[in-house]
Amino acid sequence: MRFAAIADIHGNHLALEAVLADIKQQGIATSEIVNLGDCLSGPLDAGRTADLLLSLDLTTVSGNHDRYLLEHAEGAMHEWEADAFAQLTPAHLDWLKTLPFSTVWRDAVFLCHATPKNDNTYWLEGVSAEGHVHLRPRAEIEALAGGVEQRLILCGHSHIPRVVTLSDGRMIVNPGSVGGPGYDDDLPYYHKVETATPLASYAILDETAQGWSVTSRLVPYDHMAMARLAADRGRPSWANALSSGWIG
């Protein structure tokens, strides 16, 4: 089995197009791509991204920001959702409603956005009271993996590419973010996630006789076009992240 995993596109259609082209160059068919959610929210091009994703019909799970677009009233949305919602059609929203919280792909790979029970909790990272983002202790990571039988587990949410092997040999992979190389958040404490590169991130997974092989791919695209779009829409932290991978 050989497939690609993408996550956290956040309406960045140029990054998504570049990643899809790179996946094709690696000899992987569109049917062999899984999407770990947070597809549309942000100040970029949610409508065009949604059109592309609907045409691809990828195996996709819902992210917390996908859920927010459906659950929050239009006038009470966070700016990420408000920016995207205005671009979405009823067909786009109907598609979001079909996305499962989690799923098992090809009877072998567990897919979720953040953790198996919560779509808004970092699985592999913790945040200190001082705002430092760090690797969680292994015992905490393994506790969150309870009940998941599959040997390969995929999650997104933190936008940080990472691979963690559990004590029983199971592997958790975060492919990083296609479209959002940095952001800040207030919960559980104020913190910044900065990947320090504007490149679009995804992962290729290969099943071998010795176990799963993971290849992280960082793909260049016209990130400055997206940075300018974010700036034009009054989102300077997005513009900074898209231009450099740093919030500033």
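Structural data are supplied above this passage.
The structure contained in this document is the topic of the report that follows. (Residues numbered from 1 in each chain as written. Predicted model: local features only at pLDDT ≥ 70, side-chain atom pairs only at ≥ 80, totals over all residues. Heavy atoms only, no water.)

## A few points about helix α8 (residues 236–244)
No. 1: Listed in full, the buried residues belonging to α8 are W238, A239, A241 and L242. For α8, the arc enclosing every buried residue in end-on projection is 165°, short of the 170-degree limit, so these residues lie on one face.
No. 2: Those residues of α8 that are buried lie in contact with α4 (79–85), β11 (182–185) and α7 (223–232).
No. 3: Of the residues flanking the end of α8, it is G245, one or two places downstream, whose phi is positive at about 90°. (Buried < 20%, exposed > 50% of the residue type's maximum accessible area, 1.4 Å probe, protein only. Helix = DSSP H or I, 4+ residues; strand = E, 2+ residues; numbered from the N terminus. Arc of directions from axis to C-beta. Contact = heavy atoms within 4.5 Å.)

## Quick word on the packing of aromatic side chains
No. 1: The tally for this structure, following the rule as stated, stands at four aromatic pairs.
No. 2: Note on F3 and W212: the rings are 5.9 Å apart at their centroids and 85° apart in plane angle, and the pair reads as edge-to-face. On the criterion of sequence distance, the pair formed by F3 in strand β1 (residues 2–6) and W212 in strand β14 (residues 211–219) is long-range, its members being 209 residues apart. A single burial state applies to F3 and to W212, both of which are buried.
No. 3: Taking the centre distance of 6.3 Å and the plane angle of 90° together, the rings of W80 and Y183 count as edge-to-face. (Phe/Tyr/Trp six-rings, centres within 6.5 Å; stacked < 30°, edge-to-face > 60°.)

## A closer look at the pairing of strand β13 (residues 200–208)
No. 1: For β13, the buried fraction is high: seven of the nine residues fall into the buried class.
No. 2: Examined bridge by bridge, β1 and β13 share four bridges and lie antiparallel to one another. In the sheet register, A5 faces β13, and the bridge partner there is A203.
No. 3: Bridge count between β13 and β14: nine bridges; the pairing is antiparallel. What sits directly across from T208, in β14, is G211.
No. 4: Here β13 hands over to β14 after two residues, the two strands then running antiparallel side by side. (Pairing = 2+ DSSP bridges.)

## Digging into the nonpolar core
No. 1: Counting residues in each nonpolar core, the largest one holds 47 residues, and the members touching the most others are I6, V19, I23, L40, L53, Y202 and L242.
No. 2: For this core, the elements supplying multiple residues, two or more each, are β1, α1 (13–25), α2 (46–56), α4, α5 (90–98), β13, α7 and α8.
No. 3: By residue number, the principal contributor to this core is α1, which donates six residues.
No. 4: What V19 contacts, discounting residues up to four positions off in sequence, is I6, V178, A200, Y202 and V219.
No. 5: Core analysis: the second largest hydrophobic core is formed by 16 residues, F3, A5, L36 and L154 among them. (Core = buried A, V, L, I, M, F, W, Y, C linked by side-chain atoms within 4.5 Å.)

## Details of the environment of Y183
No. 1: By the secondary structure assignment, Y183 is in strand β11.
No. 2: Classification of Y183 as buried rests on a relative accessible area of 8%.
No. 3: Considering only alpha carbons, one finds Y183 and V61, 122 residues apart in sequence, at a separation of 21 Å.
No. 4: Not counting chain neighbours up to four residues away, the residues in contact with Y183 comprise W80, Y122, H157, S158, H159, H191, K192, V193 and I247.
No. 5: At 3.3 Å, the side chain of Y183 forms a polar contact with the backbone oxygen of S158. (Polar contact = N/O pair within 3.5 Å; in protein donor to acceptor, adjacent residues only side chain to side chain.)

## A word on α5
No. 1: Buried residues of α5: H92, L93, W95 and L96, and no others. The arc that holds every buried residue of α5, seen down its axis, measures 155°, which confines them to one face. Counted as exposed and oriented over 90 degrees from the buried face of α5: P90, K97 and T98.
No. 2: Along its buried surface, α5 packs onto α2, β3 (59–60), α3 (64–71) and α4.

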